[in-house]
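# Residue-level structure breakdown
Chain by chain, the residues run as shown.
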Amino acid sequence: MVSMNTEYFSQRIQCSRNDKQECLRTIYLLAEVSYTFLKGSIRAVDSLISSNHVKYSEVFLNRALQLFIDAKNVDQICTVLYNSIITSNFFGQQFLNAVIITETLAALYDREDVDYIFNFLIPSFFGMDYEETARQAYRDYRTLKLQEHPTGDS
């Protein structure tokens with residue numbers, strides 16, 4: 001796997017609060033993918049993407065999801081996506097967005113607990129001053145899903 005040193009990573013991930021706010025939409029999309037995967041399978045994720053093509057049309061997200069569907073292991077996901085991040089010369093919001101996509105899909109593929117992914121792992125990339133906002137985006141998604149499916153069948 002391609003590795004980024006801490007200095008490279010910290011310089012590129014820096015972005016404004018407005019940029020971080022824009023990345024919250026990605027948390028909603030990734031939460032939807034995560035719950036779809038947990039309830040179904042890779043096929044269920046493929047079906048979700050196919051039926052919501054416009055919703056998942058952002059280039060990096062779409063590519064990452066296709067890789068998630070086709071990959072044989074988590075190392076393949078991380079290697080390909082981090083290579084893409086580096087060679088695309090992402091900065092700021094694009095970098096943060098790509099990292100949270102990569103890390104979520106890698107953790108999901110590794111069968112990490114979804115609550116851990118969205119309450120701890122992903123918020124940690126937003127910085128301490130914005131962690132709670134990122135965490136709240138996930139809570140909002142879960143609340144919305146519970147309202148849609150009060151029996152817990154989200």
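Rules and cut-offs
Residues numbered from 1 in each chain as written. Predicted model: local features only at pLDDT ≥ 70, side-chain atom pairs only at ≥ 80, totals over all residues. Heavy atoms only, no water. Helix = DSSP H or I, 4+ residues; strand = E, 2+ residues; numbered from the N terminus. Contact = heavy atoms within 4.5 Å. Areas by Shrake-Rupley, 256 points an atom, 1.4 Å probe, with all protein chains shown as cover. Salt bridge = Lys/Arg side-chain N within 4 Å of Asp/Glu carboxyl O. Buried < 20%, exposed > 50% of the residue type's maximum accessible area, 1.4 Å probe, protein only. Core = buried A, V, L, I, M, F, W, Y, C linked by side-chain atoms within 4.5 Å. Phe/Tyr/Trp six-rings, centres within 6.5 Å; stacked < 30°, edge-to-face > 60°. Lys NZ or Arg CZ within 6 Å of the ring centre and 35° of its normal. pLDDT = per-residue confidence, 0-100. Axes fitted to C-alpha atoms, helices over the stretch in contact; angles between N-to-C directions. Parallel < 35°, antiparallel > 145°, perpendicular 65-115°, else oblique. Left-handed = near helix turned anticlockwise from the far one by under 90°. Nonpolar A, V, L, I, M, F, W, Y, C, P; charged D, E, K, R; others polar.

### What about the overall build of the protein chain?
Secondary structure summary: the protein chain contains eight helices and zero strands in total. In sequence order, the protein chain lays out its α and β elements as α-α-α-α-α-α-α-α. The long-range fraction of contacts in the protein chain, counting pairs at least 24 apart against all pairs at least 6 apart in sequence, stands at 66%. As displayed, the protein chain has an accessible area near 8,200 Å², and 49% of this comes from carbon and sulfur atoms.

### Notes on the pattern of salt bridges
The tally for this structure, following the rule as stated, stands at seven salt bridges. D129 is the partner of R17 in a salt bridge, and the nearest nitrogen-oxygen pair spans 3.6 Å. Of this pair, R17 sits in helix 2 (residues 17-39) while D129 is found in the loop between helix 7 (114-121) and helix 8 (131-148), placing the two residues 112 residues apart along the sequence. You can call D129 exposed: its relative accessible area is 52%. Here the salt bridges share partners, and the residues they tie into one network are E131, E132, R135 and R139.

### Notes on the nonpolar core
Counting 53 residues, the largest nonpolar core has I27 and F126 as the members making the most contacts within it. For this core, the element with the most residues is helix 6 (residues 92-109), which contributes ten residues. I27 has contacts with I100, F118, I122, F126, A134, A137 and Y138, leaving out every residue within four places of it along the chain.

### A word on the packing of aromatic side chains
Taken as a whole, this structure holds ten aromatic pairs when the rule is applied. Ring plane angle 10 degrees and centroid distance 6.5 Å describe the contact between Y35 and Y138, whose orientation is recorded as stacked. Here Y35 is found in helix 2, whereas its partner Y138 is found in helix 8, with 103 residues between them in sequence. Each member of the pair, Y35 as well as Y138, is classed as buried. A connected cluster of aromatic rings, assembled from ring pairs, spans Y35, F118, Y138 and Y141. Directly above the aromatic system of F91 lies the positively charged group of R12, at a separation of 4.0 Å from the ring centroid.

### Points about the confidence of the model for the protein chain
For the protein chain, the average pLDDT comes to 91, and 94% of its residues sit at 70 or higher. For the protein chain, the element scoring lowest by mean pLDDT is helix 1 (residues 6-13), at 89; helix 7 scores highest, at 97.

### As for the side chain of T104
Here T104 shows up in helix 6. T104 gets classed as buried once you look at its relative accessible area, which sits at 0%. Leaving out residues up to four positions away in the same chain, T104 has contacts with L30, S34, I117, F118 and I122.

### Considerations on the packing of helix 2 against helix 3 (residues 42-51)
The description of two packed helices rests on the angle between their axes and on the distance between the axes. As a packed pair, helix 2 and helix 3 sit with axes 7 Å apart at the nearest point and diverge in direction by 140 degrees. With respect to helix 3, the axis of helix 2 lies oblique. Judged by the twist between their axes, the crossing of helix 2 over helix 3 is right-handed. Packed against helix 2, whose contacting residues are E32, V33, T36 and F37, the element helix 3 presents I42, A44, V45 and L48 at the interface. Taken together, the residues of the contact of helix 2 with helix 3 sort by class into six nonpolar, one polar and one charged.

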